[in-house]
Amino acid sequence: MHRIFWVARRDYLAVVKTKAFIIGLIVFPIVFGGAGMASVFLRGKGGEQNRRIVILDRSGAAAAAVAEAARQRNQEVLVDKDTGLQTNPRYEFQIVPADDTNPEQQRLALCDQLRRGELHGFLEIAPDALHPKSNPPPSIAYYAASGADLAQQWLSQAVNTGLRRARLAELGVPDDRARDVVETAPLESMALVARDPQVGTISKPHKRGPAEAVIPIALVMILFVIVMVSVAPVLSTVAEDKLQRVHEMLLAIATPVDLIGGKVLASVGVSLTSSVFYIIGGLLALEALAAFGFAPLNLLPWFFVYLVAEVTMLCAMGVALGATCSSAQEAQQLAMPLLAPVLVPIFLFGPILQQPSGPMATAVSLFPLFTPIAMLLRQSLPGGVPAWQPWVGLAGILIVVPLLTWAAARIFRIAILFQGQRPNAAQLLRWAIRG
Amino acid sequence: MDAVEITNVTKTFGDLTAVDDLSLRVPQGSVYGFIGPNGSGKTTTMRMIVNIFYPDRGSIRVFGEQLRGTRSKHIGYLPEERGLYRKMEVRALLEFYGGLRGGGNVNGEVTAWLKKFDLLRCADQKLDTLSKGMSQKIQFIAAVVPAPKLLILDEPFSGLDPVSADLLRDSILELRRRGATVILSTHDMHVAESMCDGIFMIFRGKKVLDGTLDSIQSQYGSDTIRVSVEGGAAALDGLPGVEKIRDLGQVQELRMTPGCDPQQVLRAVVARTRVSSFSVARPSLHDIFVRIAGPAAEEVPVA
């Protein structure tokens, strides 16, 4: 054990004493936190410019209703009801008579205005939009400078509301009744109600705020980032040490298990240093924002268990794979396969969030390589997971981590002195089994 | 008890047999030279002694113990391929290696060695600021702190200037005087002849020589004539009773055919040219090496 700690001490200090580590530690929260705060700050300051949208109505009957519906929607979303601040740009609508003699020329002229920045976009309502004769019905064309224009989504709802109103007006339905027909009820995302274990009362329903939704996922993202930052350099460091012929002398003094154990311990130390810094900083920030109640304190022990497990697994594999490389480029090529156990659960975020208790999410989170990220994500969601699942996940990790570390040590011992062509997967497997 | 006891060891890498059924004993307190051409199995044998490689067959004992899977704090090893953490400061690096092997405080020993090699002024410098020769000396210190009972040096003199080489030689012999056993590999036959109590030669994975210089030379008898003549090697071409001439410039080394009388050779030489010196000698280690491993070598004569 003495040699493991001795190697760990050197490797840990070699990382944490570098300017890159200290700068990275500070820059990460500044970049992410700063971006979030800047966004909140800028939204609070308003300053959104008005955006002019032309409505070109070839049906001849829908434009006014569409403009009215859009104006109403404008009012609904322009200002944040809680803060009273303008959080979205104001859209101004201008109805332009359709030139049926030369529609191509009119379309081109409007597009040219758009290119010159005189317009934000224009809607072109088809002649039979009010009474579609074709199947599927004609679409409403929307022209904008960017394909990712956010106005498109809410304009779709506003235009269809306008068209429905126009149809109801044709049928002679009074305007106030027509509003009842077309009015949509907003969908609110609510926090789960719970019974107070001490007094037995059931909590009042309340809207789920952004902090409540984001903070638990932020914990998963911190885990993801720290694992990436702690593990990714291992590959290149070992490959670089191999190129500098550092390991032969070390292998005569310490066993491969001592060296890998030391390197893993150092990486775990680096990741714990970073995470303690971020978590304490995060909790202090929540306290300052009066949002400490949203902090998922109950998940912090699991966070650290998963962090240690993930870093141990990936770092051991990283040392073994780094030992097979003969250049920095080869090490870079192996970074993606090495980080797959953290990247795959991140790619599956969407399906897991949609069905956190579904069979896919459960299976992924019980697969030991994916357990840390996937299980923590499921645990952080409302409703959590059955109590047995994290423990089963942990049992899988406790079986896989020593096995992987042992196999990695066997590969490392041979690969670190192996020169020439990079060994293939079959060779690595043979080294891991036979030693 | 021998310092190292290798018994019927074989090591293969795929289809290549790097070491083939090798047995060798290195007595305690001796300096043992490993010689052999490149790729003959010297480094593989050394790596097996320090446990970096495990033998496929046979056993290796160091001071009576089989070390497979563990490391002894009594072995110091200087690999042929030099390499240290170049971003570390010299003293921190030496204390790291010393602490890793010995587990104790090696500060005093590090200072003494730095002083001996005149490197104390570099103690706080990073390794990547030092010259290659200085780095080699630092790596030697890393191998001998704390003082090992068995020191294994793979090509310790390669790349060193004569002054540094002398300093290193003195240090190795000083360690031997203090009781250490030293195994060193070298391509410099003069080093092997002058420093080593025992010499082991490996060729194509097999042991071909093992013993003292005297015992090895005795196997070949006095079949060598060293002669210095007017006209050099050209004047000696086609001499009767001589099967090979090695031209060393000012001196020529003649290998006699078996049963040849040196007096006949002397008469033949005098008849051709003016002779400055003439002596009958046993073959040098260099000559023996070339006889075994030279281009003409076909079969390996197992010792």
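Residues numbered from 1 in each chain as written. Chains lettered and ligands numbered in written order. Predicted model: local features only at pLDDT ≥ 70, side-chain atom pairs only at ≥ 80, totals over all residues. Heavy atoms only, no water.

1. Looking at a nonpolar patch on the surface
All names here are of chain A.
- Together, Ile22, Ile26, Ile30 and Phe277 make up a nonpolar patch on the protein surface, roughly 370 Å² of accessible area in all.
- Along the chain, Ile22 turns up in helix 2 (residues 19-45).
- Owing to a relative accessible area of 42%, Ile22 belongs among the partly exposed residues under this scheme. (Patch = residues over 30% accessible without salt bridge, like charges linked within 9 Å, V, L, I, M, F, W, Y side chains within 5 Å. Areas by Shrake-Rupley, 256 points an atom, 1.4 Å probe, with all protein chains shown as cover. Salt bridge = Lys/Arg side-chain N within 4 Å of Asp/Glu carboxyl O. Helix = DSSP H or I, 4+ residues; strand = E, 2+ residues; numbered from the N terminus. Buried < 20%, exposed > 50% of the residue type's maximum accessible area, 1.4 Å probe, protein only.)

2. Notes on the interface of chain B and chain A
- With 29 residues of chain B at the interface, the matching set in chain A holds 22 residues.
- Roughly 2500 Å² of surface becomes buried between chain B and chain A when both sides are summed, with 62% attributable to carbon and sulfur atoms.
- Interface area lost by chain B to chain A is led by Arg71, Tyr85 and Leu100 of chain B, which between them contribute 31%.
- A salt bridge links Arg245 of chain A to Glu81 of chain B, with the shortest nitrogen-to-oxygen separation between them at 3.7 Å.
- Our count for the contact surface shared by chain B and chain A stands at seven residue pairs in polar contact (both at pLDDT 80 or more).
- Sorting the residues of the side of chain B that touches chain A by element identifies helix 2 (90-102) and helix 4 (132-144) of chain B as the ones contributing at least two each.
- Residues belonging to the side of chain B that touches chain A are distributed by class as follows: 14 nonpolar, seven polar and eight charged. (Contact = heavy atoms within 4.5 Å. Buried area = accessible area lost by both parts, 1.4 Å probe. Polar contact = N/O pair within 3.5 Å; in protein donor to acceptor, adjacent residues only side chain to side chain. Nonpolar A, V, L, I, M, F, W, Y, C, P; charged D, E, K, R; others polar.)

3. So, the pattern of salt bridges
Residues and elements named next belong to chain A.
- Applying the stated criterion across every chain yields a total of 28 salt bridges over all chains.
- In this structure, Arg58 engages Asp100 in a salt bridge whose closest nitrogen and oxygen atoms are separated by 3.8 Å. Residue Arg58 is located in the loop between strand 1 (51-57) and helix 3 (63-78), and its partner Asp100 is located in the loop between strand 2 (91-96) and helix 4 (103-115); the two are separated by 42 residues in the primary sequence.
- Assessed through its relative accessible area of 13%, Arg58 is described here as buried.
- Two residues, Arg107 and Glu124, come together in a salt bridge whose shortest N-O distance is 2.8 Å. Taken together, the residues span a long stretch of sequence, with Arg107 in helix 4 and Glu124 in strand 3 (residues 121-125) at a distance of 17 residues.

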